[in-house]
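Residue-level listing of the chains:
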Amino acid sequence: MTTVDPIAEQSAGLFAAALQELAETYPTDPEGTATVAVTVTDPATGEQHQALVQPGQLGWLTTLVMGEMATCRNAHSDGNGQCGHCAGTGRTHNG
């Protein structure tokens, strides 16, 4: 019997909702700035979910994903073991 992870079944909608909540909680651009629509499509159903983010948030999220990709690469046996976000310092980007 195969069990399906209920979170995986809803991952597209949950991701879009989490992204929208993040965008609403942490604005980066002046009020009234045009937003970018990020559309997440559920591959199983074709259902589309949108999150509206500000351009500054899009840049921030891109940096976050790129840092996580570096962390994953650095975790390999031939990597340097350093966090891609802070280069192993343990400090925040601003710190």
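Residues numbered from 1 in each chain as written. Predicted model: local features only at pLDDT ≥ 70, side-chain atom pairs only at ≥ 80, totals over all residues. Heavy atoms only, no water.

### Structural notes on the side chain of Asp42
(1) Moving on: Within the secondary structure, Asp42 is located in the loop between strand E1 (36-41) and strand E2 (48-53).
(2) Moving on: Only 2.8 Å separates the side chain of Asp42 from the backbone nitrogen of Ala44, close enough to count as a polar contact. (Helix = DSSP H or I, 4+ residues; strand = E, 2+ residues; numbered from the N terminus. Polar contact = N/O pair within 3.5 Å; in protein donor to acceptor, adjacent residues only side chain to side chain.)

### Regarding the packing of helix H2 (residues 11-25) against helix H3 (residues 55-74)
(1) Moving on: Two numbers describe how H2 lies on H3: the axes approach to 11 Å, and their chain directions differ by 120°. Comparing their axes, H3 and H2 come out oblique. Relative to H3, H2 is oriented so that their crossing is right-handed. The segment H2 lies against H3, with Leu19, Leu22 and Ala23 engaging Gln57, Trp60 and Leu61.
(2) Moving on: A class-by-class count of the residues in the contact of H2 with H3 yields five nonpolar, one polar and no charged. (Axes fitted to C-alpha atoms, helices over the stretch in contact; angles between N-to-C directions. Parallel < 35°, antiparallel > 145°, perpendicular 65-115°, else oblique. Left-handed = near helix turned anticlockwise from the far one by under 90°. Contact = heavy atoms within 4.5 Å. Nonpolar A, V, L, I, M, F, W, Y, C, P; charged D, E, K, R; others polar.)

### Observations concerning a nonpolar patch on the surface
(1) Moving on: Taken together, the side chains of Val65, Met66 and Met69 make up a nonpolar region of the molecular surface, amounting to roughly 290 Å² of accessible area.
(2) Moving on: Relative to the helices and strands, Val65 resides in helix H3.
(3) Moving on: The exposure class assigned to Val65 is partly exposed, which follows from its relative accessible area of 48%. (Patch = residues over 30% accessible without salt bridge, like charges linked within 9 Å, V, L, I, M, F, W, Y side chains within 5 Å. Areas by Shrake-Rupley, 256 points an atom, 1.4 Å probe, with all protein chains shown as cover. Salt bridge = Lys/Arg side-chain N within 4 Å of Asp/Glu carboxyl O. Buried < 20%, exposed > 50% of the residue type's maximum accessible area, 1.4 Å probe, protein only.)

### A word on the side chain of His49
(1) Moving on: Locating His49 in the fold gives a position in strand E2.
(2) Moving on: Judged by relative accessible area, which is 19%, His49 ranks as buried.
(3) Moving on: Once you skip the residues sitting within four places of it in the chain, His49 turns out to touch Ala12, Gly13, Ala16, Val38, Thr39 and Val40.

Remember, this is a structural readout, not a statement about activity or role.
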